[in-house]
Amino acid sequence: MTSLLTRPDSARVTPARPRPLVLVATLGGVLAALGPLVVLLAVGVIGWFITDAGVHGAPRDGMRVGALAWLAGHGSGVTVMGSRVTLVPLGITAIAAWSMWRLGHRVGDAVSGHGPDADRISDGERDFTVPTAVATFFAGYAVVAVVVATLAAGTTVDPSVPRVLAWSLAMTALVAAPAIAVGSGRASIWAAFLPATVRAGAAVAGAVLTSLLVVSTLVFLVALGLSFSDAATTTAQLHPSPSEIGLYSLLNAALLPNAALFSGSFLLGPGFVVGGATLVSPAAVVLGPLPALPLLAALPAVGTPPAWVGAMMVVPPLVAAAAALRTLRGRPLTWDRIALAGCGGGLVAGVGFAVLAALSGGAAGPGRMRFVGPLVPDVLVHAVTACGVGALLGAAVVSLQAWRAARTRVDED
(Lines give C-alpha, C1' and ligand atoms only; values in the text may rest on other atoms or scores of the structure.)
Protein backbone atom coordinates (compact mmCIF):
# COMPACT_ATOMS: atom_id res chain seq x y z
CA MET A 1 0.00 0.00 0.00
CA THR A 2 2.83 2.39 0.75
CA SER A 3 3.93 2.19 -2.90
CA LEU A 4 0.63 3.78 -3.94
CA LEU A 5 1.02 6.78 -1.71
CA THR A 6 2.18 10.03 -3.29
CA ARG A 7 4.50 12.43 -1.62
CA PRO A 8 3.17 15.91 -0.83
CA ASP A 9 4.24 18.71 -3.11
CA SER A 10 6.26 20.32 -0.36
CA ALA A 11 8.40 17.17 -0.06
CA ARG A 12 9.18 16.86 -3.74
CA VAL A 13 12.82 17.34 -4.63
CA THR A 14 13.51 20.06 -7.16
CA PRO A 15 15.99 18.83 -9.77
CA ALA A 16 19.39 20.48 -9.51
CA ARG A 17 20.10 23.17 -12.02
CA PRO A 18 22.84 22.10 -14.45
CA ARG A 19 26.16 23.83 -14.07
CA PRO A 20 27.15 26.46 -16.65
CA LEU A 21 28.56 24.59 -19.63
CA VAL A 22 31.12 27.18 -20.73
CA LEU A 23 32.46 27.69 -17.21
CA VAL A 24 32.76 23.97 -16.46
CA ALA A 25 34.44 23.10 -19.78
CA THR A 26 36.88 26.02 -19.62
CA LEU A 27 37.84 25.20 -16.05
CA GLY A 28 38.28 21.56 -17.06
CA GLY A 29 40.72 22.55 -19.82
CA VAL A 30 42.70 24.73 -17.41
CA LEU A 31 42.93 21.99 -14.80
CA ALA A 32 43.87 19.36 -17.41
CA ALA A 33 46.85 21.50 -18.39
CA LEU A 34 47.84 22.48 -14.86
CA GLY A 35 47.88 18.93 -13.44
CA PRO A 36 50.96 17.58 -15.28
CA LEU A 37 52.50 21.06 -15.39
CA VAL A 38 52.54 21.43 -11.61
CA VAL A 39 54.11 17.99 -11.23
CA LEU A 40 56.87 18.84 -13.70
CA LEU A 41 57.46 22.20 -12.02
CA ALA A 42 57.94 20.39 -8.71
CA VAL A 43 60.31 17.88 -10.32
CA GLY A 44 62.27 20.76 -11.83
CA VAL A 45 62.69 22.47 -8.46
CA ILE A 46 63.72 19.19 -6.82
CA GLY A 47 66.21 18.56 -9.62
CA TRP A 48 67.65 22.06 -9.24
CA PHE A 49 68.20 21.51 -5.54
CA ILE A 50 69.70 18.01 -5.59
CA THR A 51 72.15 18.63 -8.45
CA ASP A 52 74.30 21.13 -6.55
CA ALA A 53 72.35 21.68 -3.31
CA GLY A 54 70.94 24.90 -4.75
CA VAL A 55 74.32 26.65 -4.87
CA HIS A 56 73.86 27.96 -8.39
CA GLY A 57 70.80 29.69 -9.78
CA ALA A 58 67.42 30.03 -8.14
CA PRO A 59 64.29 27.86 -7.76
CA ARG A 60 62.74 29.62 -10.74
CA ASP A 61 65.45 28.04 -12.92
CA GLY A 62 64.24 24.58 -11.95
CA MET A 63 60.64 25.63 -12.54
CA ARG A 64 61.62 26.90 -15.98
CA VAL A 65 63.16 23.53 -16.83
CA GLY A 66 59.93 21.81 -15.75
CA ALA A 67 57.87 24.19 -17.86
CA LEU A 68 60.11 23.57 -20.87
CA ALA A 69 59.70 19.82 -20.37
CA TRP A 70 55.90 20.26 -20.38
CA LEU A 71 56.13 22.34 -23.55
CA ALA A 72 58.44 19.78 -25.17
CA GLY A 73 55.79 17.13 -24.49
CA HIS A 74 53.47 19.33 -26.57
CA GLY A 75 55.84 19.47 -29.53
CA SER A 76 57.32 22.90 -28.83
CA GLY A 77 60.93 21.94 -29.39
CA VAL A 78 63.77 23.79 -27.69
CA THR A 79 67.09 25.32 -28.65
CA VAL A 80 70.08 23.84 -26.81
CA MET A 81 73.46 25.53 -27.36
CA GLY A 82 72.28 26.89 -30.67
CA SER A 83 70.94 23.55 -31.93
CA ARG A 84 67.24 22.90 -32.43
CA VAL A 85 65.84 19.82 -30.64
CA THR A 86 62.41 18.76 -31.90
CA LEU A 87 62.29 15.22 -30.51
CA VAL A 88 59.09 14.97 -28.46
CA PRO A 89 59.28 13.05 -25.14
CA LEU A 90 56.10 11.05 -25.68
CA GLY A 91 56.07 9.94 -22.05
CA ILE A 92 55.17 13.50 -21.05
CA THR A 93 52.69 13.63 -23.91
CA ALA A 94 51.05 10.44 -22.63
CA ILE A 95 50.70 11.92 -19.14
CA ALA A 96 49.15 15.07 -20.59
CA ALA A 97 46.76 12.94 -22.66
CA TRP A 98 45.78 10.94 -19.57
CA SER A 99 45.05 14.18 -17.71
CA MET A 100 42.98 15.37 -20.67
CA TRP A 101 40.95 12.16 -20.68
CA ARG A 102 40.22 12.22 -16.96
CA LEU A 103 39.22 15.87 -16.88
CA GLY A 104 37.37 15.59 -20.19
CA HIS A 105 35.32 12.69 -18.85
CA ARG A 106 34.41 14.69 -15.76
CA VAL A 107 33.47 17.68 -17.89
CA GLY A 108 31.22 15.47 -20.00
CA ASP A 109 29.53 14.09 -16.91
CA ALA A 110 29.01 17.61 -15.55
CA VAL A 111 27.41 18.91 -18.79
CA SER A 112 25.36 15.80 -19.54
CA GLY A 113 22.18 17.60 -18.48
CA HIS A 114 22.57 20.28 -21.14
CA GLY A 115 20.97 20.07 -24.57
CA PRO A 116 18.24 17.70 -25.78
CA ASP A 117 17.72 14.26 -24.28
CA ALA A 118 18.23 10.94 -26.09
CA ASP A 119 14.70 10.86 -27.53
CA ARG A 120 14.95 14.37 -28.99
CA ILE A 121 18.41 13.56 -30.41
CA SER A 122 17.00 10.40 -32.01
CA ASP A 123 14.28 12.55 -33.59
CA GLY A 124 16.99 14.57 -35.35
CA GLU A 125 17.26 17.60 -33.08
CA ARG A 126 20.67 19.21 -33.24
CA ASP A 127 22.84 18.96 -30.15
CA PHE A 128 25.77 21.35 -29.74
CA THR A 129 26.59 20.38 -26.16
CA VAL A 130 29.73 18.36 -26.94
CA PRO A 131 31.12 20.70 -29.65
CA THR A 132 30.66 23.70 -27.36
CA ALA A 133 32.29 21.91 -24.44
CA VAL A 134 35.21 20.77 -26.60
CA ALA A 135 35.78 24.28 -27.97
CA THR A 136 35.78 25.90 -24.54
CA PHE A 137 37.91 23.06 -23.10
CA PHE A 138 40.53 23.76 -25.76
CA ALA A 139 40.31 27.50 -25.04
CA GLY A 140 41.17 26.93 -21.38
CA TYR A 141 43.98 24.53 -22.25
CA ALA A 142 45.38 26.88 -24.91
CA VAL A 143 45.45 29.84 -22.53
CA VAL A 144 47.62 27.90 -20.08
CA ALA A 145 49.89 26.73 -22.92
CA VAL A 146 50.41 30.25 -24.27
CA VAL A 147 51.09 31.70 -20.81
CA VAL A 148 53.61 28.95 -19.99
CA ALA A 149 55.36 29.33 -23.36
CA THR A 150 55.58 33.09 -22.91
CA LEU A 151 57.01 32.88 -19.41
CA ALA A 152 59.47 30.11 -20.26
CA ALA A 153 60.70 31.66 -23.51
CA GLY A 154 64.13 33.20 -23.72
CA THR A 155 66.93 33.93 -26.08
CA THR A 156 68.46 30.50 -25.55
CA VAL A 157 65.51 28.08 -25.72
CA ASP A 158 62.80 29.67 -27.89
CA PRO A 159 59.85 27.20 -27.62
CA SER A 160 57.49 27.31 -30.60
CA VAL A 161 54.05 28.59 -29.55
CA PRO A 162 52.34 27.62 -32.86
CA ARG A 163 53.55 24.03 -32.50
CA VAL A 164 52.31 23.91 -28.90
CA LEU A 165 48.88 25.16 -29.97
CA ALA A 166 48.77 22.70 -32.88
CA TRP A 167 49.61 19.76 -30.60
CA SER A 168 47.11 20.98 -27.99
CA LEU A 169 44.40 21.20 -30.64
CA ALA A 170 45.19 17.71 -31.95
CA MET A 171 45.19 16.23 -28.44
CA THR A 172 41.91 17.95 -27.66
CA ALA A 173 40.32 16.52 -30.80
CA LEU A 174 41.71 12.99 -30.31
CA VAL A 175 41.53 12.66 -26.50
CA ALA A 176 39.41 15.33 -24.82
CA ALA A 177 36.58 15.31 -27.37
CA PRO A 178 35.96 11.53 -27.12
CA ALA A 179 36.22 11.76 -23.32
CA ILE A 180 33.61 14.52 -23.18
CA ALA A 181 31.36 12.60 -25.56
CA VAL A 182 31.64 9.44 -23.45
CA GLY A 183 31.15 11.27 -20.15
CA SER A 184 28.08 13.11 -21.41
CA GLY A 185 26.49 9.95 -22.79
CA ARG A 186 26.43 11.27 -26.34
CA ALA A 187 28.98 8.73 -27.58
CA SER A 188 26.65 5.81 -26.87
CA ILE A 189 23.78 7.58 -28.62
CA TRP A 190 25.86 8.37 -31.70
CA ALA A 191 27.38 4.88 -31.79
CA ALA A 192 23.88 3.41 -32.03
CA PHE A 193 23.49 5.02 -35.46
CA LEU A 194 26.65 3.37 -36.82
CA PRO A 195 26.47 0.01 -38.60
CA ALA A 196 27.55 -2.98 -36.54
CA THR A 197 30.38 -3.64 -39.01
CA VAL A 198 31.85 -0.19 -38.41
CA ARG A 199 31.68 -0.61 -34.64
CA ALA A 200 33.36 -4.01 -34.90
CA GLY A 201 36.05 -2.61 -37.20
CA ALA A 202 36.78 0.22 -34.75
CA ALA A 203 37.11 -2.31 -31.93
CA VAL A 204 39.52 -4.38 -34.04
CA ALA A 205 41.61 -1.30 -34.87
CA GLY A 206 41.93 -0.37 -31.22
CA ALA A 207 42.77 -3.92 -30.17
CA VAL A 208 45.37 -4.44 -32.91
CA LEU A 209 47.09 -1.09 -32.29
CA THR A 210 47.14 -1.58 -28.52
CA SER A 211 48.47 -5.13 -28.82
CA LEU A 212 51.21 -4.07 -31.24
CA LEU A 213 52.30 -1.25 -28.92
CA VAL A 214 52.38 -3.58 -25.92
CA VAL A 215 54.43 -6.21 -27.76
CA SER A 216 56.82 -3.54 -29.08
CA THR A 217 57.33 -2.24 -25.55
CA LEU A 218 57.99 -5.73 -24.22
CA VAL A 219 60.53 -6.43 -26.98
CA PHE A 220 62.36 -3.22 -26.16
CA LEU A 221 62.37 -3.93 -22.41
CA VAL A 222 63.74 -7.43 -23.03
CA ALA A 223 66.49 -6.01 -25.26
CA LEU A 224 67.33 -3.39 -22.65
CA GLY A 225 67.37 -6.00 -19.90
CA LEU A 226 69.80 -8.16 -21.87
CA SER A 227 72.07 -5.11 -22.25
CA PHE A 228 71.63 -3.86 -18.69
CA SER A 229 75.38 -3.92 -18.00
CA ASP A 230 76.01 -1.63 -20.98
CA ALA A 231 73.28 0.74 -19.80
CA ALA A 232 74.79 0.81 -16.30
CA THR A 233 78.24 1.52 -17.74
CA THR A 234 76.86 4.40 -19.80
CA THR A 235 75.25 5.88 -16.69
CA ALA A 236 78.40 5.42 -14.59
CA GLN A 237 80.47 7.35 -17.14
CA LEU A 238 78.49 10.47 -16.20
CA HIS A 239 79.47 10.06 -12.51
CA PRO A 240 76.01 10.92 -11.17
CA SER A 241 75.03 11.00 -7.51
CA PRO A 242 72.23 8.69 -6.31
CA SER A 243 69.69 11.52 -6.49
CA GLU A 244 70.87 12.47 -9.98
CA ILE A 245 70.42 8.87 -11.08
CA GLY A 246 66.76 9.19 -10.12
CA LEU A 247 66.35 12.30 -12.26
CA TYR A 248 68.24 10.66 -15.12
CA SER A 249 65.90 7.68 -14.88
CA LEU A 250 62.89 10.00 -15.20
CA LEU A 251 64.41 11.48 -18.35
CA ASN A 252 64.82 8.03 -19.86
CA ALA A 253 61.28 7.08 -18.80
CA ALA A 254 59.94 10.10 -20.69
CA LEU A 255 61.50 8.65 -23.85
CA LEU A 256 60.24 5.10 -23.27
CA PRO A 257 57.22 5.45 -25.62
CA ASN A 258 59.57 6.72 -28.35
CA ALA A 259 61.78 3.69 -27.86
CA ALA A 260 58.75 1.38 -28.01
CA LEU A 261 57.70 2.87 -31.36
CA PHE A 262 61.27 2.50 -32.63
CA SER A 263 61.11 -1.14 -31.55
CA GLY A 264 57.80 -1.62 -33.39
CA SER A 265 59.28 -0.10 -36.54
CA PHE A 266 62.16 -2.59 -36.21
CA LEU A 267 59.72 -5.51 -35.89
CA LEU A 268 57.85 -4.36 -38.99
CA GLY A 269 61.05 -4.42 -41.04
CA PRO A 270 62.02 -0.88 -42.14
CA GLY A 271 63.64 0.01 -38.83
CA PHE A 272 64.85 3.46 -37.77
CA VAL A 273 67.86 5.77 -37.76
CA VAL A 274 69.79 7.24 -34.83
CA GLY A 275 71.68 9.86 -36.77
CA GLY A 276 72.66 10.58 -40.32
CA ALA A 277 73.97 7.66 -42.41
CA THR A 278 72.79 5.09 -39.86
CA LEU A 279 70.24 2.27 -39.97
CA VAL A 280 68.85 -0.17 -37.43
CA SER A 281 66.75 -2.89 -39.09
CA PRO A 282 66.49 -6.70 -39.15
CA ALA A 283 68.55 -6.71 -42.36
CA ALA A 284 71.46 -4.51 -41.32
CA VAL A 285 72.69 -2.37 -38.42
CA VAL A 286 74.90 0.63 -39.17
CA LEU A 287 75.74 2.96 -36.28
CA GLY A 288 78.03 5.85 -35.49
CA PRO A 289 78.91 7.81 -32.36
CA LEU A 290 75.93 7.84 -29.98
CA PRO A 291 75.00 10.11 -27.06
CA ALA A 292 75.36 8.80 -23.52
CA LEU A 293 71.77 7.62 -23.14
CA PRO A 294 71.17 4.28 -21.35
CA LEU A 295 68.17 3.48 -23.56
CA LEU A 296 70.53 3.19 -26.53
CA ALA A 297 72.14 0.15 -24.92
CA ALA A 298 69.22 -1.86 -26.32
CA LEU A 299 70.46 -1.28 -29.89
CA PRO A 300 71.73 -4.44 -31.64
CA ALA A 301 75.38 -4.90 -32.52
CA VAL A 302 76.71 -3.41 -35.74
CA GLY A 303 76.63 -5.72 -38.73
CA THR A 304 74.16 -8.22 -40.13
CA PRO A 305 71.78 -9.51 -37.42
CA PRO A 306 71.26 -13.27 -37.02
CA ALA A 307 68.56 -15.00 -39.05
CA TRP A 308 66.25 -15.32 -36.03
CA VAL A 309 66.11 -11.53 -35.78
CA GLY A 310 64.68 -11.34 -39.30
CA ALA A 311 62.16 -14.02 -38.35
CA MET A 312 60.75 -11.58 -35.76
CA MET A 313 58.99 -9.78 -38.62
CA VAL A 314 56.23 -12.38 -38.34
CA VAL A 315 55.37 -11.05 -34.87
CA PRO A 316 53.24 -8.04 -35.97
CA PRO A 317 50.96 -10.11 -38.28
CA LEU A 318 50.55 -12.76 -35.58
CA VAL A 319 49.74 -10.10 -32.99
CA ALA A 320 47.17 -8.53 -35.33
CA ALA A 321 45.62 -11.93 -36.04
CA ALA A 322 45.31 -12.77 -32.34
CA ALA A 323 43.83 -9.35 -31.51
CA ALA A 324 41.26 -9.56 -34.33
CA LEU A 325 40.33 -13.12 -33.40
CA ARG A 326 39.81 -12.18 -29.76
CA THR A 327 37.81 -9.04 -30.60
CA LEU A 328 35.49 -10.48 -33.26
CA ARG A 329 34.70 -13.78 -31.55
CA GLY A 330 31.11 -13.85 -30.34
CA ARG A 331 29.91 -10.82 -32.30
CA PRO A 332 26.51 -11.31 -34.02
CA LEU A 333 27.75 -10.63 -37.56
CA THR A 334 27.62 -12.60 -40.79
CA TRP A 335 30.84 -14.15 -42.06
CA ASP A 336 31.41 -11.54 -44.77
CA ARG A 337 30.94 -8.64 -42.35
CA ILE A 338 33.34 -10.25 -39.91
CA ALA A 339 36.00 -10.43 -42.61
CA LEU A 340 35.34 -6.83 -43.63
CA ALA A 341 35.57 -5.58 -40.03
CA GLY A 342 38.81 -7.49 -39.47
CA CYS A 343 40.54 -6.29 -42.61
CA GLY A 344 39.33 -2.69 -42.26
CA GLY A 345 40.27 -2.52 -38.59
CA GLY A 346 43.74 -3.89 -39.32
CA LEU A 347 44.35 -1.29 -42.03
CA VAL A 348 43.29 1.53 -39.71
CA ALA A 349 45.56 0.18 -36.97
CA GLY A 350 48.50 0.14 -39.40
CA VAL A 351 47.90 3.77 -40.33
CA GLY A 352 47.60 4.66 -36.65
CA PHE A 353 50.93 3.04 -35.83
CA ALA A 354 52.63 4.88 -38.70
CA VAL A 355 51.26 8.20 -37.40
CA LEU A 356 52.60 7.48 -33.92
CA ALA A 357 55.94 6.45 -35.41
CA ALA A 358 56.12 9.77 -37.25
CA LEU A 359 55.55 11.62 -33.97
CA SER A 360 58.29 9.67 -32.18
CA GLY A 361 61.18 11.01 -34.25
CA GLY A 362 62.81 14.37 -34.74
CA ALA A 363 66.04 16.27 -34.29
CA ALA A 364 67.96 15.27 -31.15
CA GLY A 365 70.94 17.58 -31.54
CA PRO A 366 73.30 19.17 -34.03
CA GLY A 367 74.92 17.57 -37.07
CA ARG A 368 74.07 13.96 -37.73
CA MET A 369 71.73 13.81 -34.72
CA ARG A 370 69.24 15.96 -36.60
CA PHE A 371 67.90 12.73 -38.07
CA VAL A 372 66.48 10.37 -35.45
CA GLY A 373 63.39 8.25 -35.82
CA PRO A 374 61.62 5.54 -37.83
CA LEU A 375 61.59 5.50 -41.62
CA VAL A 376 57.97 6.64 -41.74
CA PRO A 377 57.01 6.01 -45.41
CA ASP A 378 58.34 2.46 -45.27
CA VAL A 379 56.82 1.91 -41.83
CA LEU A 380 53.43 2.98 -43.20
CA VAL A 381 53.56 0.42 -46.02
CA HIS A 382 54.76 -2.40 -43.78
CA ALA A 383 52.37 -1.57 -40.92
CA VAL A 384 49.31 -1.42 -43.16
CA THR A 385 50.30 -4.69 -44.82
CA ALA A 386 51.20 -6.57 -41.64
CA CYS A 387 48.24 -5.37 -39.58
CA GLY A 388 45.76 -5.66 -42.45
CA VAL A 389 46.79 -9.17 -43.49
CA GLY A 390 47.16 -10.35 -39.90
CA ALA A 391 43.77 -9.02 -38.82
CA LEU A 392 42.18 -10.52 -41.94
CA LEU A 393 43.63 -13.94 -41.06
CA GLY A 394 42.29 -13.69 -37.53
CA ALA A 395 38.90 -12.59 -38.84
CA ALA A 396 38.92 -15.45 -41.35
CA VAL A 397 38.94 -17.96 -38.52
CA VAL A 398 35.88 -16.33 -36.95
CA SER A 399 34.24 -16.00 -40.39
CA LEU A 400 34.72 -19.70 -41.03
CA GLN A 401 33.11 -20.55 -37.72
CA ALA A 402 30.17 -18.22 -38.45
CA TRP A 403 29.76 -19.68 -41.95
CA ARG A 404 29.73 -23.24 -40.61
CA ALA A 405 27.18 -22.30 -37.94
CA ALA A 406 24.96 -20.72 -40.60
CA ARG A 407 25.24 -23.84 -42.80
CA THR A 408 24.34 -26.03 -39.85
CA ARG A 409 21.23 -24.00 -39.13
CA VAL A 410 20.18 -24.18 -42.79
CA ASP A 411 20.67 -27.96 -42.87
CA GLU A 412 18.63 -28.38 -39.70
CA ASP A 413 15.77 -26.31 -41.13
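Predicted model, so just to flag it, every value in this text is computed and none were measured. (Residues numbered from 1 in each chain as written. Predicted model: local features only at pLDDT ≥ 70, side-chain atom pairs only at ≥ 80, totals over all residues. Heavy atoms only, no water.)

1. Considering the overall build of the protein
Okay, so step 1: Per the secondary structure count, the protein includes 15 helices and 6 strands.
Okay, so step 2: For the protein, with 413 residues in total, the buried portion stands at 42%.
Okay, so step 3: Long-range pairs, those at least 24 residues apart, make up 77% of the contacts in the protein between residues at least 6 apart in sequence.
Okay, so step 4: Entry remark: accessible area of the protein is about 21,300 Å², with carbon and sulfur atoms responsible for 70%. (Helix = DSSP H or I, 4+ residues; strand = E, 2+ residues; numbered from the N terminus. Buried < 20%, exposed > 50% of the residue type's maximum accessible area, 1.4 Å probe, protein only. Contact = heavy atoms within 4.5 Å. Areas by Shrake-Rupley, 256 points an atom, 1.4 Å probe, with all protein chains shown as cover.)

2. Comments concerning the packing of helix α3 (residues 90–110) against helix α6 (residues 161–184)
Okay, so step 1: Put simply, α3 and α6 touch, their axes get as near as 7 Å, and they point 35° apart. Handedness of the crossing formed by α3 with α6: right-handed. For the pair α3 and α6, contact is made by Leu90, Thr93, Ala96, Ala97, Met100, Trp101, Gly104, His105, Val107, Gly108 and Asp109 and by Trp167, Ser168, Met171, Thr172, Val175, Ala176, Pro178, Ala179, Ile180, Val182, Gly183 and Ser184, respectively.
Okay, so step 2: Within the contact of α3 with α6, the residues separate by chemical class into 14 nonpolar, 8 polar and 1 charged. (Axes fitted to C-alpha atoms, helices over the stretch in contact; angles between N-to-C directions. Left-handed = near helix turned anticlockwise from the far one by under 90°. Nonpolar A, V, L, I, M, F, W, Y, C, P; charged D, E, K, R; others polar.)

3. Quick word on the packing of helix α8 (residues 196–226) against helix α11 (residues 256–268)
Okay, so step 1: Across the interface, α8 lies against α11 with an axial gap of 8 Å and an inter-helix angle of 100°. Looking at the two axes, α8 sits roughly perpendicular to α11. For the pair α8 and α11, the contacting residues are Leu213, Ser216, Thr217, Val219, Phe220 and Leu221 in the first and Leu256, Ala259, Ala260, Leu261, Ser263, Gly264 and Leu267 in the second.
Okay, so step 2: A class-by-class count of the residues in the contact of α8 with α11 yields 9 nonpolar, 4 polar and no charged. (Parallel < 35°, antiparallel > 145°, perpendicular 65-115°, else oblique.)

4. A word on helix α14 (residues 335–360)
Every α-helical turn comprises 3.6 residues, leaving residues that sit three or four positions apart pointing alike.
Okay, so step 1: If you check α14, its first and last C-alpha atoms are 38 Å apart, about what 26 residues at 1.5 Å a residue would give, namely 38 Å.
Okay, so step 2: Within α14, burial applies to Ile338, Ala341, Gly342, Gly345, Gly346, Ala349, Gly350, Phe353, Ala354, Ala357 and Ser360.
Okay, so step 3: A positive phi of about 155° marks Gly362, the residue just after α14. (Expected span 1.5 Å × (residues − 1).)

5. Details of the side chain of Ser211
Okay, so step 1: One can find Ser211 in helix α8.
Okay, so step 2: When residues no more than four places from it in sequence are discounted, the contact partners of Ser211 are Val319, Ala323 and Arg326.

6. So, the environment of Pro305
Okay, so step 1: Mapping Pro305 onto the fold places it in the loop between β5 (285–286) and α12 (307–311).
Okay, so step 2: Under the relative-accessibility criterion, Pro305 is labelled buried at 14%.
Okay, so step 3: Distance from Pro305 to Ser281, taken between C-alpha atoms, is 8.5 Å for residues 24 residues apart in sequence.
Okay, so step 4: With sequence-adjacent residues up to four places away left out, Pro305 is seen in contact with Ser281, Pro282, Ala283, Ala284 and Val285.

7. With respect to the nonpolar core
The nonpolar side chains of soluble globular proteins are, as a tendency, buried together.
Okay, so step 1: With 39 residues, the main nonpolar core has Trp70, Leu71, Met100 and Phe137 as its most contacted residues.
Okay, so step 2: Of all the secondary-structure elements, those providing two or more residues to this core are α1 (21–52), α2 (59–72), α3, α5 (129–152) and α6.
Okay, so step 3: The leading source of residues in this core is α5, at 10 residues.
Okay, so step 4: With residues near it in sequence (within four places) discarded, Met100 still touches Ala32, Phe137, Tyr141, Ser168, Met171, Thr172, Val175 and Ala176.
Okay, so step 5: One finds Ala207, Leu268, Ala341 and Ala395 within the second-largest nonpolar core, a separate group that totals 27 residues. (Core = buried A, V, L, I, M, F, W, Y, C linked by side-chain atoms within 4.5 Å.)

8. Let's talk about a nonpolar patch on the surface
Okay, so step 1: On the surface, a nonpolar cluster with roughly 330 Å² of combined accessible area is contributed by Leu27, Leu31, Leu34 and Val38.
Okay, so step 2: If you trace the backbone, Val38 turns up in helix α1.
Okay, so step 3: Of the residues examined, Val38 reaches a relative accessible area of 49% and is grouped as partly exposed. (Patch = residues over 30% accessible without salt bridge, like charges linked within 9 Å, V, L, I, M, F, W, Y side chains within 5 Å. Salt bridge = Lys/Arg side-chain N within 4 Å of Asp/Glu carboxyl O.)

9. A short note on the environment of Leu296
Okay, so step 1: The topology assignment puts Leu296 in the loop between β5 and α12.
Okay, so step 2: Here the alpha-carbon distance between Leu296 and Val274, two residues 22 residues apart in the chain, equals 9.3 Å.
Okay, so step 3: Apart from the residues within four sequence positions on either side, Leu296 is in contact with Leu290 and Pro291.

10. Some remarks on unusual backbone geometry
Okay, so step 1: A positive phi angle is found at Ala277, which is not glycine, with a value near 60°.
Okay, so step 2: The residue Ala277 is located in the loop between β3 (272–274) and β4 (279–280) in this model.

11. A few points about the confidence of the model for the protein
Okay, so step 1: Averaged over all residues, the pLDDT of the protein is 86; the fraction at 70 or higher stands at 89%.
Okay, so step 2: Below a pLDDT of 50 lies the segment residues 1–15, which in the model reaches 1 contact outside its immediate sequence neighbourhood of four places, other chains included. (pLDDT = per-residue confidence, 0-100.)

12. Topic: α11
Okay, so step 1: Its 13 residues give α11 an end-to-end C-alpha distance of 19 Å, which sits within 8% of 18 Å, the value for a rise of 1.5 Å per residue.
Okay, so step 2: A large share of α11 lies buried, amounting to 11 of its 13 residues.
Okay, so step 3: Among the residues making up α11, those that are buried are Asn258, Ala259, Ala260, Leu261, Phe262, Ser263, Gly264, Ser265, Phe266, Leu267 and Leu268.
Okay, so step 4: Of the residues flanking the end of α11, it is Gly269, one or two places downstream, whose phi is positive at about 125°.

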